[in-house]
Amino acid sequence: MVRANGAVSLRELARVVQTSEVTVRRDVRALEAEGLLDRRHGGAVLPGGFTRESGFPQKAHVATAEKTAIADLAAGLVQEGEAVVVGAGTTTQELARRLARVPGLTVVTNSLLVAQALAHANRVEVVMTGGTLRGADYALVGSGAEHSLQGLRVSRAFLSGNGLTAERGLSTANMLSASVDRALVRAAAEVVVLADHTKLGVDTMFQTIPPDLITRLVTNEPPAQDERAAAELQALADQGVQIAVAGEAGAHLGGPAGQPGPGGEGGAGGTGRQSRREVPLPGQRRQHPQGGGGGGSQLRAAPPPAPGEGQPGRVTDLAPRRHH
């Protein structure tokens, strides 16, 4: 399956072979020891290190449920009448399908798939960059795409990538894609990264966005046994990134800073307090908030979207899952 698709998830493997994810994880570990594949959080890929990149058909079948939950939660950040940029990727394509319902929206994109998802949306204006078509992800790249973004200013950039770490931030295996994504970031006042848990802790060849320029990460809740993904989320939160986690069962966002959300204190079912941070402009380095007398930094919930916007989702605090 890895040879055919480039990447597979443990959940999909377990479904196909009709066994438990625990058994699949053990077998994947054995196959990795033989050099037949590389393990990733929640799945496996063909061996190849930093430079290997799966094509769109392969990416589209990895972590599909997680991408849907992430897109649902991220759509709640967008308000009527906003102007945003949306980069290329399977997760951003899912987001675009939901943005089609936001009236008065302007979306700037270099992705043919994002533009297609919005093509028939009422009262949504789509602005495409120029550039050269890159068939692997149906995206426009190159100097034409970058030049068309000069002088642009929007409220938010929504981006995905091949990997995300607290050390290097968001990265991709393709130089041209990374360069265009950096141009998208320069156009936005706030940068929102959409990345499912299989990308956490994965580092690829070209850095797209350093962690200090990421305002918010929207991800899904990692499996309970995936301590590395939880640790990566905590490390990103320690650097000031706001973490919004979409639960599989659907979730809810908490209330404003310092006020209880639907689930209790600070929202997220009472698991953490809301905290607002200053949104840095691209090129600024975020100032870390001062601690409140606790031990280390805690993973804080992200500020909620405007009432009535987007799909419900949960913002959670993963700090209790750390193991000392």
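Heads up: these notes are all about the structure in this document. (Residues numbered from 1 in each chain as written. Predicted model: local features only at pLDDT ≥ 70, side-chain atom pairs only at ≥ 80, totals over all residues. Heavy atoms only, no water.)

### Some points on the nonpolar core
- Core analysis: the largest hydrophobic core is formed by 28 residues, its most contacted members being Leu164, Val193, Ile209, Leu217, Leu236 and Ile243.
- Elements that contribute at least two residues to this core include exactly strand E9 (154-159), helix H9 (175-186), strand E12 (188-194), helix H10 (227-238) and strand E15 (242-246).
- Among the elements that line this core, the one with the most residues is H10, at four residues. (Core = buried A, V, L, I, M, F, W, Y, C linked by side-chain atoms within 4.5 Å. Buried < 20%, exposed > 50% of the residue type's maximum accessible area, 1.4 Å probe, protein only. Helix = DSSP H or I, 4+ residues; strand = E, 2+ residues; numbered from the N terminus.)

### A look at the side chain of threonine 208
- With respect to the secondary-structure elements, threonine 208 resides in strand E13 (residues 206-209).
- Classification of threonine 208 as buried rests on a relative accessible area of 4%.
- Once you skip the residues sitting within four places of it in the chain, threonine 208 turns out to touch Leu170, Ser171, Thr172, Ala178, Asp181 and Arg182. (Contact = heavy atoms within 4.5 Å.)

### Focus on the pattern of salt bridges
- Under the defined criterion, the tally for this structure stands at 12 salt bridges.
- Linking arginine 98 and glutamate 94 is a salt bridge whose minimum nitrogen-to-oxygen distance equals 3.1 Å. With a gap of four residues between them, arginine 98 and glutamate 94 both fall in helix H6 (residues 90-99), about one helical turn apart.
- Using a relative accessible area of 13% as the deciding quantity, one classes arginine 98 as buried.
- With relative accessibility at 16%, the residue glutamate 94 sits in the buried group. (Salt bridge = Lys/Arg side-chain N within 4 Å of Asp/Glu carboxyl O.)

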